[in-house]
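Here is what each chain is made of, one letter per residue.
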Amino acid sequence: QVRFVESGGGLVQPGGSLTVSCKVSGRTSNYRVMGWFRQAPGKEREFVAGINLNGFSTLYPDSVRGRFTASREGSMNAADLKIESLLPEDTGVYYCALGRLWSRDGNDYDYWGQGTQVTVSS
């Protein structure tokens, strides 16, 4: 079965940067897209980035304003999400997920990491 190790969250001051990582193992040959989502208290889950698992294409919503960068991590079956110029509204639980097709809708993803908390506060 598919297993995730997600890490890298923490407490960061506004204007800082942070990278969250997602490592996946198991039978993933049918999954071509890793998506990143965040959810803040009282808010709906929001798509923030997607990357093809070959690492050559990415997808971002307008809401991240060019501050988020997804990338493959070396030769491992893993990806990183780098977040720069952090804002308090970036606070939330960040999840990685695997899907078969490009989508901004979390319902189209089949496997999810456990999430990592990112808190932006001075």
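Here's what I pulled together on the structure shown here. Note that this is a predicted model, so its numbers are computed, not measured.

**Remarks on the state of the cysteines**
- What the rule picks out here adds up to one disulfide.
- In this model, Cys22 is linked to Cys96 through a disulfide, with the two sulfur atoms separated by 2.0 Å. Between Cys22 and Cys96 the sulfur-sulfur dihedral comes to about 65°; the bridge is accordingly right-handed. Taken together, the positions of Cys22 in strand S3 (residues 18-25) and Cys96 in strand S9 (residues 92-99) put the pair 74 residues apart, joining distant regions of the chain. The exposure classification of Cys22 matches that of Cys96, with both residues buried.

**Quick look at the environment of Lys43**
- Position of Lys43 relative to the elements: it lies in the loop between strand S4 (33-39) and strand S5 (46-52).
- Expressed as a C-alpha distance, the spacing of Lys43 and Arg32, which sit eleven residues apart in the sequence, is 28 Å.

**A closer look at unusual backbone geometry**
- Residue Ser85 is not a glycine yet carries a positive backbone phi of 50°.
- For Ser85, the position within the fold is in the loop between strand S8 (78-83) and S9.
- Judged by its relative accessible area of 41%, Ser85 is partly exposed.

Rules of the game
- Residues numbered from 1 in each chain as written.
- Predicted model: local features only at pLDDT ≥ 70, side-chain atom pairs only at ≥ 80, totals over all residues.
- Heavy atoms only, no water.
- Disulfide = S-S within 2.5 Å.
- Helix = DSSP H or I, 4+ residues; strand = E, 2+ residues; numbered from the N terminus.
- Buried < 20%, exposed > 50% of the residue type's maximum accessible area, 1.4 Å probe, protein only.

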